[in-house]
Amino acid sequence: MMKKLKFPAGFKWGCATASYQVEGGNSNSDWWQWEKQGMADNESGRACDYWNLYKKDHELLSELGVNVFRLSIEWARVQPEEGIFDEQALMRYREILEDLKSRNIKVQLTLWHWTSPLWFAKKYGFHKKESVKIFAKYVERIVGEFDELIESYLTFNEPMVPLGMGYLGGAFPPGVKNPMKFISAVNNIAKAHNATYEIIHKKNSQAQVGITYLYNWYESEGFGILLNAINRIAQWYRIDLLGNKIKNHQDFIGIDYYRLGKITFNWKNIKMDSRNQTYLGFTIEEDKENVMKWISYPQGLYKVLKQASEKFKLPIYIAENGTPTREGIDDKDRIEYIKTHLEMVHKAISEGVDVRGYNFWSLMDNLEWLYGYEPKFGLVEIDFQTLERKPRKSFYEYAKICKNNELEFEE
Ligand code: BGC
């Protein structure tokens, strides 16, 4: 039997991307150097060349019928050297934002999605206290230039991920394992977030400002009390450690949800390997069929929404949700993923959780950080040789949902 679930009037349907993952040519960013040092599976190179082909991608957004597009600004592009802003790069971002406006697509702008300018990374880094002022200068310029073109802001994307990977696990830049620097970086990011919030609100009192949390659902198996305690610590680490420092500086909560993290313990694997998610024997169970070994768990999204709404008592925006697939396979997994997850979003809304919008990650295949171009996250397939864009079946399924503000599925 076909079942139809209507979403609230005015619900925002969107897609998300991030500058470094799609633009290409970001040679002034710290990730570029990280790639050159052989620390990731692929070099980003020209990526999807969104920087030049953005109109084609915006055309796809119009066809999709989304009313929001989440994108980010590449800090290194607009500020390639300390104290110097690149007027041409700013002009291009203006063109990009104006093109979205002309299509009646609202902008959700991320100010920092995991990459920093090389000069900043070399001389400062977020573990240095000067980073707060330096980041604020960048924000002032962006907000001064573009505020009238932006509907909502995300200050930092899931900062605990790059901070943990970069300052404890050593797998992301700056590639150190230093708890003292890690703590300083967390504190400075919290201060930079709070300063950014103030800067934006000073310019525009109506602005909507938030941050995103990687809010996967974690469960533990076996070892009862011990694993439950570990689970609680993990939850504190991922959400509360930073969340408590910024709790009065958020107009909404940005949730990025992807999967179930089932924590298990293996005596034979007592090592620290953050790239493979093994922390002194504690490891995350895997789905061998999935290209990134991620376990899809729609109910987790429902649980996360309930938990976040109780904890923060703020409107929620699902800023990212998606699944990686393999090249060339039929993307029925993605269609199934979208529908089962949206069913859970609808359930949470019907129980009173204030979810205002949903972004699918991602509009198109793109650079998946350490794993390069192998995992495919797009509603649109990209041929990285020719840069041809080809909508997948999931593109048309998602388009139906956006246009009708309704999820239709077989029960
Ligand atoms: C990040 C994206 C990334 C996606 C898939 C999110 O946590 O914000 O940049 O591509 O996960 O791994």
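Residues numbered from 1 in each chain as written. Predicted model: local features only at pLDDT ≥ 70, side-chain atom pairs only at ≥ 80, totals over all residues. Heavy atoms only, no water.

## Comments concerning the sheet that holds strand 5 (residues 152-157)
(1) Moving on: In space, the eight strands of this closed barrel follow the order 2-3-4-5-6-8-13-14, with parallel pairing throughout. Averaged over neighbouring strand pairs, the angle between their axes works out to 25° when direction is ignored.
(2) Moving on: When strand 5 meets strand 6 (residues 208-214), the two strands line up parallel, connected through four bridges. Across the sheet, residue N157 finds its bridge partner in strand 6, namely T212.
(3) Moving on: Across the sheet, helix 5 (residues 87-102) touches strand 3 (68-72) and strand 4 (106-112), and the angle it forms with strand 3 is around 170°.
(4) Moving on: The strands touched by helix 13 (residues 393-404) are strand 2 (12-16) and strand 14 (355-361); relative to strand 2, the strand with the most contacts, the crossing angle is about 150°. (Pairing = 2+ DSSP bridges. Helix = DSSP H or I, 4+ residues; strand = E, 2+ residues; numbered from the N terminus. Axes fitted to C-alpha atoms, helices over the stretch in contact; angles between N-to-C directions. Contact = heavy atoms within 4.5 Å.)

## What about the site of the ligand?
(1) Moving on: Residues in close proximity to the ligand include Q21, H113, W114, N157, E158, Y258, W294, E320, W361, E368, W369 and F377, which together make up its full environment.
(2) Moving on: A distance of 3.5 Å separates an oxygen atom of the ligand from a polar side-chain atom of Y258.
(3) Moving on: Its free accessible area being 310 Å², the ligand has 96% of it covered by the protein chains.
(4) Moving on: Here the shell around the ligand is built from residues that sort into six nonpolar, three polar and three charged. (Near = heavy atom within 4 Å. Polar contact = N/O pair within 3.5 Å; in protein donor to acceptor, adjacent residues only side chain to side chain. Areas by Shrake-Rupley, 256 points an atom, 1.4 Å probe, with all protein chains shown as cover. Nonpolar A, V, L, I, M, F, W, Y, C, P; charged D, E, K, R; others polar.)

## A short note on the pattern of salt bridges
(1) Moving on: Under the definition given, this model contains 26 salt bridges.
(2) Moving on: Here E320 makes a salt bridge to R70, at a shortest N to O gap of 2.9 Å. Of this pair, E320 sits in strand 13 (residues 316-321) while R70 sits in strand 3, and the two are 250 residues apart along the sequence.
(3) Moving on: Looking at E320, the relative accessible area reads 4%, which means it is buried. (Salt bridge = Lys/Arg side-chain N within 4 Å of Asp/Glu carboxyl O. Buried < 20%, exposed > 50% of the residue type's maximum accessible area, 1.4 Å probe, protein only.)

## With respect to a nonpolar patch on the surface
(1) Moving on: Taken together, the side chains of W267, I270, M272, Y279 and L280 make up a nonpolar region of the molecular surface, amounting to roughly 570 Å² of accessible area.
(2) Moving on: Note on placement: L280 falls in the loop between strand 11 (278-279) and strand 12 (282-284). (Patch = residues over 30% accessible without salt bridge, like charges linked within 9 Å, V, L, I, M, F, W, Y side chains within 5 Å.)

## Here's the deal with helix 9 (residues 179-203)
(1) Moving on: Helix length check: helix 9, at 25 residues, gives a terminal C-alpha distance of 36 Å against a target of 36 Å (1.5 Å per residue), a fit within 8%.
(2) Moving on: The distance from a side-chain oxygen at the start of helix 9 to the backbone nitrogen of M180 is 3.1 Å, and the residue carrying that oxygen is N178. (Expected span 1.5 Å × (residues − 1).)

## Regarding unusual backbone geometry
(1) Moving on: Following P173, the chain continues into P174 via a peptide bond in cis, with omega recorded as 10°.
(2) Moving on: Mapped onto the elements of the fold, P174 is located in the loop between helix 8 (160-167) and helix 9.
(3) Moving on: With an omega dihedral of 10°, the bond running from W361 to S362 counts as a cis peptide bond.
(4) Moving on: Residue position: S362 is located in the loop between strand 14 and strand 15 (380-382).
(5) Moving on: For W369, which is not a glycine, the phi torsion comes out positive at approximately 40°.
(6) Moving on: Mapped onto the secondary structure, W369 falls in the loop between strand 14 and strand 15.
(7) Moving on: For N405, which is not glycine, the phi torsion reads 55° and is therefore positive.
(8) Moving on: For N405, the location among the structural elements is in the loop between helix 13 and strand 17 (406-410).

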